[in-house]
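The chain contents come next:
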Amino acid sequence: MSNALESLKGLRDVDGIIGSFVVSALGLVLLRDLPAIFTQAALAEVGPRIARLREALSHEGDVSNIVVRYEDHKLVVRGQPELAIVVLAEQGIHMPQLKMALNLVSKSLLKADLGALAGVLPGVGEVPDRAEPTVAAPAYYRGHRVS
Amino acid sequence: MPIKTLSSMPENTNVPTPDSAIRQVGFAAQLQRVTLPDLVQMECLSGSEASFRVVSDANTGYLMFSGGQLVHAMTRTLRGEAAAQEILSWQQGKVDPCKFRAPNPPTILSHWQELLMRAAQQSDENPTPNVGLEKVNVAQELNDSEFLSSDEPEKAVGSGRALSKVIRAVRLDTQGNVVVARGEGNQEDFAELSAYAVRMAQVVGEGLGMGGFRALEWTLPSRNGLLYVESNGSVASLETSPQAELNTLRRRIGL
């Protein structure tokens with residue numbers, strides 16, 4: 001487990017990486033290396049949405065890479081069927097460097113005991129966030145529930 | 001009215017003016033590795049009244065400047081802006097001052113910077129053929145199919161040319177209506193997938209404080225996908241074969 005976290009931290013060797021986390025196919029956050037400003041509550045909401053995004057895009061086989069561009073940042077998702085590494089990065093990140101780093105971390109995580117990771121949810125190695133999760137009315141978009 | 005070709009056009013049609021009258025001061029120079037956009041920029045910024053003969057391989061054309069603008073251009077078959085775009089697409093050759101004087105009224109009304117931008121865009125979309133380059137320029141393919149440039153997208157639905165590397169492409173308006181659809185398979189499904197993916201990317205971005213959503217790219221075993229939000233809020237989404245060249249499209253949409 002600590003080896004997996006160390007691997008994830010290795011992504012920070014690439015300039016422009018804000019942090020990263022690992023989500024399961026169901027969107028559970030298994031591992032995180034993020035600044036404290038990203039709360040567990042926020043990740044608990046984001047994880048399942050990333051899982052749904054991956055599932056929606058996997059209509060012709062499993063989606064292996066997703067790059068989402070925002071105004072100031074990029075979100076990079078490198079996936080295997082059972083888990084995905086999610087990287088938060090600055091807009092100008094060196095993508096070839098990041099891809100190489102993700103290749104290495106992916107191999108490392110494959111060797112990790114994911115079952116063990118899943119057993120200590122939420123937030124492996126992290127202090128649980130005590131903030132109350134916000135409760136919002138469910139929203140729908142073209143028939144799909146989005147929150 | 002047929003356009004006069006240069007070979008049939010008498011030189012005095014444009015009132016020849018002695019070189020000495022055009023440029024009474026300054027240096028005569030020979031420069032190398034100067035591009036035609038460089039020449040246009042230099043002449044316009046200096047408020048030049050000069051004309052130039054451009055020779056590139058078997059092609060000959062003329063560029064004429066007046067009052068800080070490129071006001072006239074002609075080739076053997078074209079004149080005005082079309083000729084200017086044609087000449088600006090030439091990659092190598094020779095430029096010499098000539099004695100033609102720009103006609104009045106001018107045949108080019110666009111600002112010279114606009115002309116150069118258009119030429120650069122055209123150059124991006126029609127790169128010099130490269131035998132070793134197998135990837136298909138997706139931006140050009142979409143442009144040809146009216147996916148990117150259609151002013152009346154609803155008329156273009158189903159009427160575009162076949163796309164060789166774009167597997168399918170849709171454009172949705174801000175209400176989620178499909179206004180353009182191209183390619184194979186069920187485009188309604190693809191439209192729904194695209195709309196849902198945009199929404200997921202937006203809420204993920206909001207949850208993480210990433211700023212406004214711009215574009216999403218994905219990789220599948222046998223195809224790649226790209227979708228982006230246009231300035232008017234429409235969503236354009238496409239899937240391509242892995243051999244497709246997407247860099248030109250990315251540049252064009254500012255990614």
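Remember, it's a predicted structure, so these values are computed and weren't measured experimentally. (Residues numbered from 1 in each chain as written. Chains lettered and ligands numbered in written order. Predicted model: local features only at pLDDT ≥ 70, side-chain atom pairs only at ≥ 80, totals over all residues.)

### Quick notes on the confidence of the model for chain A
In this model, chain A carries a mean pLDDT of 81, and residues with pLDDT of at least 70 account for 74%. Counting interchain partners and residues more than four positions distant, the pLDDT-below-50 stretch residues 119-137 of chain A has 25 contacts. (pLDDT = per-residue confidence, 0-100. Contact = placed C-beta atoms within 7 Å.)

### Observations concerning the sheet that holds strand β5 (residues 83-90) of chain A
Pairing is antiparallel across the open sheet formed by 10 strands, whose spatial order is β2(A)-β1(A)-β5(A)-β4(A)-β3(A)-β8(B)-β9(B)-β10(B)-β6(B)-β7(B). Single-partner strands in this sheet number two, and they are β2 (29-33) of chain A together with β7 (178-183) of chain B. Within this sheet the neighbouring strands show an average axis-to-axis angle of 10°, counted without direction. Sheet analysis places strand β6 (residues 166-172) of chain B next to β7 of chain B, joined by five bridges and oriented antiparallel. The partner of Ala169 of chain B across the bridge, within β7 of chain B, is Arg182 of chain B. Packing of helix α3 (residues 95-111) of chain A onto the sheet brings it into contact with β1 (17-24), β4 (73-80) and β5 of chain A, and relative to β5 of chain A it is tilted by some 150°. (Pairing = 2+ DSSP bridges. Helix = DSSP H or I, 4+ residues; strand = E, 2+ residues; numbered from the N terminus. Axes fitted to C-alpha atoms, helices over the stretch in contact; angles between N-to-C directions.)

### Observations concerning the interface of chain A and chain B
With 31 residues of chain A in contact, the opposing surface of chain B contributes 30 residues. Counting only elements with at least two residues in the side of chain A that touches chain B, the list comes to α2 (40-57), β3 (65-70) and β4 of chain A. In terms of residue count, the dominant contributor to the side of chain A that touches chain B is α2 of chain A (nine residues). By residue class, the composition of the side of chain A that touches chain B is 16 nonpolar, seven polar and eight charged. (Nonpolar A, V, L, I, M, F, W, Y, C, P; charged D, E, K, R; others polar.)

### Topic: the packing of α2 of chain A against helix α7 (residues 187-208) of chain B
At their nearest, the axes of α2 of chain A and α7 of chain B sit 9 Å apart, and the two run at 160° to each other. One finds that α2 of chain A runs roughly antiparallel with respect to α7 of chain B. Relative to α7 of chain B, α2 of chain A is oriented so that their crossing is left-handed. Between α2 of chain A and α7 of chain B, the contacting residues are Ala42, Glu45, Val46, Arg49, Ile50, Arg52, Leu53, Ala56 and Leu57 of chain A on the first element and Leu193, Tyr196, Ala197, Met200, Ala201, Val203, Val204, Gly207 and Leu208 of chain B on the second. Of the residues belonging to the contact of α2 of chain A with α7 of chain B, the class tally is 14 nonpolar, one polar and three charged. (Parallel < 35°, antiparallel > 145°, perpendicular 65-115°, else oblique. Left-handed = near helix turned anticlockwise from the far one by under 90°.)

### What to know about the sheet that holds strand β4 (residues 94-98) of chain B
All names here are of chain B. Spatially, the four strands line up as an open sheet ordered β3-β2-β1-β4, and their pairing is antiparallel. The strands lining the two open edges of the sheet, one partner per strand, are β3 (69-75) and β4. The sheet shows a mean angle of 25° between the axes of neighbouring strands, direction not considered. Where strand β1 (residues 51-56) lies against β4, five bridges are found, and the strand directions are antiparallel. Its bridge partner being in β4, Phe52 is matched across the sheet by Pro97. Running at roughly 140° to β3, helix α2 (residues 36-45) makes contact with β1, β2 (59-66), β3 and β4 of the sheet.

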